[in-house]
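Chain and residue survey
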Amino acid sequence: MLRVRIAAVGRLAARAPEAALIQDYLGRFAQTGRPLGLGPAEMAEVEDRKGGGKPAEAALLSRQIPDGAAVIALDERGRLLSSPDFAAALARFRDDGRSDAVFLIGGADGLDPSLRDRADLMLSFGAMVWPHMLARVMLAEQLYRAATVLAGSPYHRV
């Protein structure tokens, strides 16, 4: 079973509309992914209250990465993947015996280079910069979509 964690800098208000979307998609991912050896998925939020910048955020995010986990860094310099290619990457991590996959979303200034260097995959949602809260929603939806692709569900159409 490949457990998934989204580790993100910053706190999302529990009543924010994005929070409801994230929970909906992560719930769908858990339900669809379970028979496929994927999930559950959880959100882990970290906050640098001392203002230490990217190095301090990197230390907090690093604590969210279990030993042996696949590390996927969301970064504008990352690879652009189609949804089926993203699904295949998740399946590869699972099939390679990884028990955890951690997606890292940095703060306003992005991820520290030490985290980018540590990543098994750097992933981009395009050349545009997205607000971190929307990036979380987009990632949660793509996780669900990946599970449906692997399950052969009609949710993903080409």
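Residues numbered from 1 in each chain as written. Predicted model: local features only at pLDDT ≥ 70, side-chain atom pairs only at ≥ 80, totals over all residues. Heavy atoms only, no water.

So, about the nonpolar core. Core analysis: the biggest nonpolar cluster contains 33 residues, and F29, I72, F86, F103, L139 and L143 have the highest contact counts within it. Counting only elements with at least two residues in this core, the list comes to β1 (2–9), α1 (17–33), β2 (38–46), β3 (70–80), α3 (83–95), β4 (100–105), β5 (121–124) and α5 (132–151). Residues in contact with I72, not counting those within four places in the same chain, are F93, A101, V102, F103, L104, L121 and L123. Counting 15 residues, the second largest nonpolar core, distinct from the first, contains V9, V46, I65 and V71. (Core = buried A, V, L, I, M, F, W, Y, C linked by side-chain atoms within 4.5 Å. Buried < 20%, exposed > 50% of the residue type's maximum accessible area, 1.4 Å probe, protein only. Helix = DSSP H or I, 4+ residues; strand = E, 2+ residues; numbered from the N terminus. Contact = heavy atoms within 4.5 Å.)

Moving on, we come to the pairing of β4. Of all 6 residues that make up β4, 6 are buried, and the element is covered over most of its length. Burial of the side chains of β4 extends over both faces: D100, V102 and L104 are buried on one face and A101, F103 and I105 on the other. Taken together, the 4 bridges between β3 and β4 define a ladder with parallel strand orientation. The residue of β4 that forms the bridge with V71 is V102. (Pairing = 2+ DSSP bridges.)

Attention now goes to the packing of α3 against α5. At a closest axis distance of 8 Å, the pairing of α3 and α5 adopts a crossing angle of 80°. Considered as vectors, α3 and α5 are oriented roughly perpendicular to each other. Residue-level inspection shows S83, P84, F86, A87, L90 and A91 of α3 in contact with α5, the latter providing L139, Q142, L143, R145, A146, V149 and L150. Within the contact of α3 with α5, the residues separate by chemical class into 10 nonpolar, 2 polar and 1 charged. (Axes fitted to C-alpha atoms, helices over the stretch in contact; angles between N-to-C directions. Parallel < 35°, antiparallel > 145°, perpendicular 65-115°, else oblique. Nonpolar A, V, L, I, M, F, W, Y, C, P; charged D, E, K, R; others polar.)

Moving on: the UniProt feature "binding site: S-adenosyl-L-methionine" (unreviewed entry) in the chain. As annotated in UniProt, the feature "binding site: S-adenosyl-L-methionine" (unreviewed entry) corresponds to L74, G106, F125, G126, A127, M128, V129 and W130 in the numbering used here. By the secondary structure assignment, L74 is in strand β3. Using a relative accessible area of 12% as the deciding quantity, one classes L74 as buried. Excluding its chain neighbours within four sequence positions, the residues that come into contact with L74 are F103, L104, I105, L111, L123, F125 and L139. By secondary structure assignment, the location of W130 is in the loop between β5 and α5. Here W130 is in contact with F125 and M138, once residues within four sequence places are set aside. Within polar-contact distance, the side chain of W130 engages the backbone oxygen of F125 at 3.5 Å. (UniProt positions renumbered as here; feature names shortened; annotations may be inferred. Polar contact = N/O pair within 3.5 Å; in protein donor to acceptor, adjacent residues only side chain to side chain.)

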